[in-house]
Amino acid sequence: GALSVCRRIRESWADRNLSVRQFTGGVTNFLLGCYPEGSGPDDMLLVRLYGKDTDLVIDREREISSIGLLHSYDCAQPVHATFNNGMVYGFAPGRPLTREDIVLPSFGPKIAAHMAKCHCIRPSQDDEPVEPRLLENLRMWLSRLPEKFSKEDTQKSFESLFPSRQQLSFDVSQMIGMLRGFPSPIVFCHNDTTAGNIIYREDQGSITFVDHEYSGFNFRGFDIGNHFCEFCGLDNMDFSYFPDRSTQLIWLKSYAESTHRLTGDGKRVTDEEVEQLYVEANVFALASNLQWTLWALLQAEHSLIDFDYIKYGKTRYEEFLRRKDGVLAMMESSS
């Protein structure tokens, strides 16, 4: 089992008693931490067991490749082993942030700076971006939605809370059309910066991102807009917490300053640059809501994790509908 795999990776653990800690709160996989009794968590190895049918939404080979690329830039812990239904990788010491943390002015610049660092990662020769992950996910996840949910109560909930599959297909086509030619650079993105995927190391005052299942090359604006959606939480998502314009502009200026510092281009941040980032973030926050709606519906059919995917998907879809006209107007006025 997990302990024997960890002992093979860390030969010094062979004759030691190991403790196992189960992490909770994930909505895709099961996560265990293994470490020798009496040692601190910094020496922990993480064993992730993939959730049922998660290969429908996650390309595991690409995930491992992404972690390798991130590790080469000191942005992720290494993968030590893989097996049919999981992997073993290093533990990032620190504490996961909460929804209450990520809205604080003290954390915003740190998160923005680390996101900018990830966005400066250049692809390896084997990992040239082909299509932004958002477009790929929208098409693929829509195509994999069941014609009818296997559980009767899930099907009834879908019929009462969502429009037809044909309407979702129209929404996806319209969204892809809106993004065609929209100016947002393709960069290396985490694509899932929930509060719990952001680790704060207090002794260093540093931030890192974990859980890179959805990482890959994508529109810059998606990573930012998606993060703003995470201000609203996960279990009981409340879009009244979505950051207002002034809060976004402060965050975006910090991101732009970090980007210029990391690239060494010597440029100063301009109001026009921050305004462009603002438009990007809000366009892709809309796209984020549609993408995670499709994800939730797929998970409602396949996942064994105790999470109300239908409720989550409905919340995201309602926000997509509520924001759509305003975002279209913003795009027209900025073009």
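Quick summary incoming for the structure in this document. (Residues numbered from 1 in each chain as written. Predicted model: local features only at pLDDT ≥ 70, side-chain atom pairs only at ≥ 80, totals over all residues. Heavy atoms only, no water.)

Examining the packing of helix 9 (residues 245–263) against helix 10 (residues 271–302)
Two elements in contact, helix 9 and helix 10, have axes separated by 9 Å at closest approach and are oriented at 115°. Judged by the twist between their axes, the crossing of helix 9 over helix 10 is right-handed. For the pair formed by helix 9 and helix 10, the contact residues are Arg245, Gln248, Leu249, Leu252, Lys253, Tyr255, Ala256 and His260 on the first element and Glu273, Val274, Glu275, Leu277, Tyr278, Ala281 and Asn282 on the second. Looking at the contact of helix 9 with helix 10 residue by residue, the classes come out as eight nonpolar, three polar and four charged. (Axes fitted to C-alpha atoms, helices over the stretch in contact; angles between N-to-C directions. Helix = DSSP H or I, 4+ residues; strand = E, 2+ residues; numbered from the N terminus. Left-handed = near helix turned anticlockwise from the far one by under 90°. Contact = heavy atoms within 4.5 Å. Nonpolar A, V, L, I, M, F, W, Y, C, P; charged D, E, K, R; others polar.)

Quick word on the packing of aromatic side chains
For the coordinates displayed, the defined rule picks out 19 aromatic pairs. Between Tyr317 and Phe320, the ring centres sit 5.9 Å apart and the planes meet at 25°, which makes this aromatic pair stacked. Separated by three residues within a single helix, Tyr317 and Phe320 lie in helix 11 (residues 309–334), roughly one turn from each other. The class of Tyr317 is buried, set by a relative accessible area of 3%. Three or more aromatic residues link up through ring pairs in this structure, and these residues are Trp141, Tyr214, Trp292, Trp295, Phe307, Tyr309 and Tyr312. (Phe/Tyr/Trp six-rings, centres within 6.5 Å; stacked < 30°, edge-to-face > 60°. Buried < 20%, exposed > 50% of the residue type's maximum accessible area, 1.4 Å probe, protein only.)

Concerning the sheet that holds strand 9 (residues 206–209)
Here we have three strands laid out as an open sheet, ordered 6-8-9, and antiparallel in their pairing. The sheet terminates laterally at strand 6 (95–96) and strand 9, the two strands that pair on one side only. Of the pairings in the sheet, the one linking strand 6 to strand 8 (residues 198–201) comprises two bridges and is antiparallel in character. Directly across from Arg95, in strand 8, lies its bridge partner Tyr200. Contacts between helix 4 (residues 108–119) and the sheet are confined to strand 8 and strand 9, with strand 9 contributing the most and set at about 50° to the helix. (Pairing = 2+ DSSP bridges.)

Looking at helix 10
Counted at 1.5 Å a residue, the expected span for helix 10 with its 32 residues is 46 Å, and the 46 Å between its end C-alpha atoms agrees. Along helix 10, 27 of the 32 residues are buried, which leaves the element largely enclosed by surrounding structure. (Expected span 1.5 Å × (residues − 1).)

Points about the nonpolar core
One recurring pattern in soluble globular proteins: nonpolar side chains tend to sit buried together. In this structure, Ile111, Met175, Ile224, Trp251, Phe284 and Trp295 are the most contacted members of the largest nonpolar core, which totals 89 residues. In contact with Phe284, not counting residues within four places along its chain, are Leu134, Leu179, Phe182, Ser184, Phe219, Gly221 and Phe222. Counting residues in each nonpolar core, the second largest holds seven residues, with Leu18, Cys34, Leu45 and Val88 among its members. (Core = buried A, V, L, I, M, F, W, Y, C linked by side-chain atoms within 4.5 Å.)

What about empty space enclosed by the protein?
Counted by the stated rule, this structure contains one cavity of 30 Å³ or more. Taken as a whole, the largest cavity holds about 30 Å³ of empty space. Leu70, Cys118, Phe188, Cys189, His190, Phe209, His212 and Ser215 together form the lining of the largest cavity. In terms of residue class, the lining of the largest cavity is made up of five nonpolar, three polar and no charged. (1 Å grid on protein atoms, 1.4 Å probe; cavity = no way out; pocket = protein on both sides within 12 Å on 5 of 7 lines; lining within 4 Å. Points joined across faces, edges and corners; volume = space filled by probe spheres on them.)

Here we look at the pairing of strand 2 (residues 30–36)
Two strands pair when backbone bridges link them, and strand 1 (residues 18–23) and strand 2 are joined in this way by six bridges, in the antiparallel orientation. Along strand 2, the bridge assignment pairs Phe23 with Leu31. Note that strand 2 and strand 3 (residues 45–49) share five bridges and pair antiparallel. By the bridge assignment for strand 3, Phe30 is matched with Leu49.

Some thoughts on the sheet that holds strand 5 (residues 86–90)
The strand order 1-2-3-5-4 describes an open sheet built from five strands, whose pairing is antiparallel. Edge strands, defined here as strands with exactly one partner in the open sheet, are strand 1 and strand 4 (79–83). Direction aside, neighbouring strands of the sheet carry axes that sit 20° apart on average. Taken together, the five bridges between strand 3 and strand 5 define a ladder with antiparallel strand orientation. Within strand 5, the residue paired with Leu49 across the bridge is Gly86. With respect to the sheet, helix 2 (residues 60–72) is in contact with strand 3, strand 4 and strand 5, its orientation differing from that of strand 5 by roughly 10°.

What is shown is where atoms sit, not what they do.
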